[in-house]
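Understanding the architecture of this molecule
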Amino acid sequence: MTKQTQTLETTPPAAAAGGRFAAGEDPAKREQIIAGAKRVFMTVGFDAASMNDITREAGVSKGTIYVYFASKEDLFVAMVDRERDRIASDMRDILAGSGPVEEMLSTFGVSFARHITSPQVVDAMRTVIGVVQRMPNLSRRFFHTTPGNVRHVLEEFLRRHIALGTLQIDDTDLAARQFIEMATGSFFKFRLFGDLDDVPCDAELERAISGAVRVFMAAYGAKG
């Protein structure tokens with residue numbers, strides 16, 4: 001292989017085009033469109049949102065939108081994927097530390113409970129529920145796609161502590177589900193169905209998460 005061939009093969013697409021991205025490949029433009037679409041979806045809902053609305057909110061032409069996304073449904077899926085990945089990334093950063101397992105689980109639980117009961121996430125999940133019968137794969141993407149979901153992030157943490165000998169767990173998938181449900185289940189359901197007007201106060205979150213950690217460690221903490 002010649003030096004010239006190596007240079008051509010390793011040159012990024014943007015550099016090969018004189019510093020400009022090829023059509024549909026500019027990550028900043030893609031993010032701009034998704035952010036505009038999110039504002040529209042969260043304001044009027046999926047069904048009432050139009051591509052014209054999204055065009056105006058994103059500040060791009062309709063032709064530009066269609067270079068990046070084939071349809072309104074495609075845009076909605078991208079928005080859900082972005083929110084899932086954002087939350088998972090935040091939780092991965094929290095669990096990347098080296099503190100005691102109880103402390104790490106507590107910090108994770110409180111932070112995730114705040115995330116999932118925030119107005120933005122609650123509004124987004126209500127919107128998802130409104131279209132789930134027509135787009136059944138949407139909820140599967142949010143809850144099951146790996147590595148971009150919170151349960152997978154928590155499983156990685158649990159496996160690390162199994163290897164360290166601080167936890168004894170046969171089924172990490174089940175254990176992760178159990179902790180997430182204990183830590184956030186009732187709060188999220190109350191918020192989703194309007195029985196709780198805002199994110200729970202810190203004292204209530206810490207009380208619930210502390211109890212979840214005690215139950216979890218009683219079941220899965222290393223014995224002896």
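Only a predicted model underlies this, so the values are computations on that prediction, with no experimental measurement involved.

**Comments concerning the pattern of salt bridges**
Within the structure shown, the criterion is met by 16 salt bridges. We note a salt bridge from R82 to E31, for which the minimum N-O separation is 2.3 Å. Note that R82 is positioned in helix α6 (residues 72–95) and E31 in helix α3 (residues 27–44), a separation of 51 residues in sequence. Note on E31: relative accessible area 37%, which makes it partly exposed. The partner of R159 in a salt bridge is E155, with the nearest N and O atoms 3.3 Å apart. Highlighted residues: R159 and E155, both in helix α10 (residues 150–164), separated by four residues, approximately one helical turn. Since its relative accessible area comes to 39%, R159 is described here as partly exposed.

**Some details on the nonpolar core**
Formed by 36 residues in total, the largest nonpolar core has its most connected members in L105, F108, L154, F157, L158, F179 and F216. For this core, the secondary-structure elements that each account for two or more residues are α6, α7 (101–116), α8 (119–131), α10, α11 (172–192) and α12 (202–220). L154 has contacts with L95, L105, F108, A176, F179 and I180, leaving out every residue within four places of it along the chain. Judged by nonpolar contacts, the second largest core, of 23 residues, contains I33, A37, L75 and F76.

**Quick notes on the packing of α3 against α6**
Running from N to C, α3 and α6 cross one another at 100°; their axes reach a closest spacing of 9 Å. Here α6 runs roughly perpendicular to α3, going by the angle between their axes. Contacts between α3 and α6 involve R30, E31, I33, I34, A35, A37, K38, F41 and M42 from the first element and K72, L75, F76, A78, M79, R82 and E83 from the second. The class makeup of the residues in the contact of α3 with α6 is 10 nonpolar, no polar and six charged.

**Quick look at the packing of aromatic side chains**
This model, assessed by the stated rule, comprises seven aromatic pairs. A centroid spacing of 5.0 Å and a plane angle of 55° characterise the contact between F216 and Y220, whose relative ring orientation is tilted. With F216 and Y220 both in helix α12 and four residues apart, the pair spans about one turn of that helix. You can call Y220 buried: its relative accessible area is 15%. Through successive ring pairs, a cluster of aromatic residues spans F108, F112, F179, F216 and Y220. Over the ring of F46 we find K72; its NZ or CZ atom is 4.5 Å from the centre of that ring.

**Overview of α3**
The end-to-end C-alpha separation of α3 is 26 Å, in line with the 26 Å expected for 18 residues at 1.5 Å each. The complete set of buried residues in α3 reads I33, I34, G36, A37, K38, V40 and F41. Where α3 is buried, its residues meet α4 (51–58), α5 (62–68), α6 and α8. With a side-chain oxygen positioned 3.0 Å from the backbone nitrogen of A28, the residue opening α3 is D26.

**With respect to the confidence of the model for the protein**
For the protein, per-residue confidence averages 83 on the pLDDT scale, and 83% of positions sit at 70 or higher. Low confidence marks residues 1–17, where pLDDT is under 50. Its contacts with residues over four positions away, or in another chain, come to eight contacts.

**Here we look at the side chain of T117**
Mapped onto the secondary structure, T117 falls in the loop between α7 and α8. Not counting residues within four places of it along the chain, the set of residues in contact with T117 comprises V122, F187, F188, R191, V199 and P200.

Calculation notes
- Residues numbered from 1 in each chain as written.
- Predicted model: local features only at pLDDT ≥ 70, side-chain atom pairs only at ≥ 80, totals over all residues.
- Heavy atoms only, no water.
- Salt bridge = Lys/Arg side-chain N within 4 Å of Asp/Glu carboxyl O.
- Helix = DSSP H or I, 4+ residues; strand = E, 2+ residues; numbered from the N terminus.
- Buried < 20%, exposed > 50% of the residue type's maximum accessible area, 1.4 Å probe, protein only.
- Core = buried A, V, L, I, M, F, W, Y, C linked by side-chain atoms within 4.5 Å.
- Contact = heavy atoms within 4.5 Å.
- Axes fitted to C-alpha atoms, helices over the stretch in contact; angles between N-to-C directions.
- Parallel < 35°, antiparallel > 145°, perpendicular 65-115°, else oblique.
- Nonpolar A, V, L, I, M, F, W, Y, C, P; charged D, E, K, R; others polar.
- Phe/Tyr/Trp six-rings, centres within 6.5 Å; stacked < 30°, edge-to-face > 60°.
- Lys NZ or Arg CZ within 6 Å of the ring centre and 35° of its normal.
- Expected span 1.5 Å × (residues − 1).
- Polar contact = N/O pair within 3.5 Å; in protein donor to acceptor, adjacent residues only side chain to side chain.
- pLDDT = per-residue confidence, 0-100.

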